[in-house]
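Topology and contacts: notes
One-letter residues, chain by chain:
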Amino acid sequence: MSKTIAEERIERLFQLAEKRIGREDELADRYVELARKIGMKEEVSIPSDLRKKFCSNCYSYLKPGYNCEIKLNSDKKKVEYKCRECGNIDRYGY
């Protein structure tokens, strides 16, 4: 599999996860797991905009207001994503 095909499949899996969240959460989490496996096998990094859509601890797909909280920390200039599944906080600069 070439790197461009792997990138397209990762994008598609995240699109499918977006459609499934709220109805079939386990399936959305499975799509994230498959996207990560494709990325690791083909040595393709997941784009940063998609990397913010799943928890780095439990790898569940995150949807703000449903299973994740987003806060702005103006002191540290960070956006904090808190997973409600495991309680992990991921911080990204802005």
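Structure: see above.
Described in the following lines is the structure provided in the data block. Everything quoted here is computed from the prediction, not taken from an experiment.

**A word on the overall build of the chain**
A count of helical and extended segments in the chain gives 3 helices and 3 strands. The order of helices and strands in the chain, counted from the N terminus, is α-α-α-β-β-β. For a compact globule of 94 residues, the expected C-alpha radius of gyration is about 12 Å, and the chain comes in at 14 Å, within 12% of that figure. Across its three principal axes, the chain shows a C-alpha extent of roughly 45 × 30 × 20 Å. When burial is assessed residue by residue, the chain has 31% of its 94 residues classed as buried.

**Comments concerning the pattern of salt bridges**
Tallying each qualifying case throughout the model produces 5 salt bridges. A salt bridge links Arg20 to Glu24; the shortest N-O distance between them is 3.5 Å. Residue Arg20 is classed as partly exposed on the basis of its relative accessible area of 28%. One salt bridge in this structure joins Glu33 and Arg30, with 3.3 Å as the shortest N-O distance. Taken together, the residues Glu33 and Arg30, both in helix H2 (residues 25–42) and 3 residues apart, mark about one turn of the helix.

**A few points about helix H1 (residues 3–20)**
Side chains of residues three or four places apart in an α-helix project in the same direction, reflecting 3.6 residues per turn. When the terminal C-alpha atoms of H1 are compared, their 26 Å separation across 18 residues agrees well with the 26 Å that a helix rising 1.5 Å per residue should span. For H1, the secondary structure elements touched by its buried residues are H2 and helix H3 (48–51). Of the residues one or two after H1, Gly22 is the one with positive phi, at around 100 degrees.

**Quick look at the sheet that holds strand E2 (residues 78–83)**
Neighbouring strands of a sheet are bound in pairs by backbone hydrogen bonds; such pairs are parallel or else antiparallel. Read across the sheet, 3 strands follow the order E1-E2-E3 without closing on themselves; strand pairing throughout is antiparallel. Each end of this open sheet is capped by a strand with a single partner; those strands are strand E1 (68–73) and strand E3 (89–93). Across the sheet, the axes of successive neighbouring strands diverge by a mean angle of 20 degrees, strand direction being ignored. Bridge count for E1 against E2 is 6 bridges, and the pairing is antiparallel.

The rules we used
- Residues numbered from 1 in each chain as written.
- Predicted model: local features only at pLDDT ≥ 70, side-chain atom pairs only at ≥ 80, totals over all residues.
- Heavy atoms only, no water.
- Helix = DSSP H or I, 4+ residues; strand = E, 2+ residues; numbered from the N terminus.
- Rg over C-alpha atoms; globule rule 2.2 N^0.38 Å.
- Buried < 20%, exposed > 50% of the residue type's maximum accessible area, 1.4 Å probe, protein only.
- Salt bridge = Lys/Arg side-chain N within 4 Å of Asp/Glu carboxyl O.
- Expected span 1.5 Å × (residues − 1).
- Contact = heavy atoms within 4.5 Å.
- Pairing = 2+ DSSP bridges.
- Axes fitted to C-alpha atoms, helices over the stretch in contact; angles between N-to-C directions.

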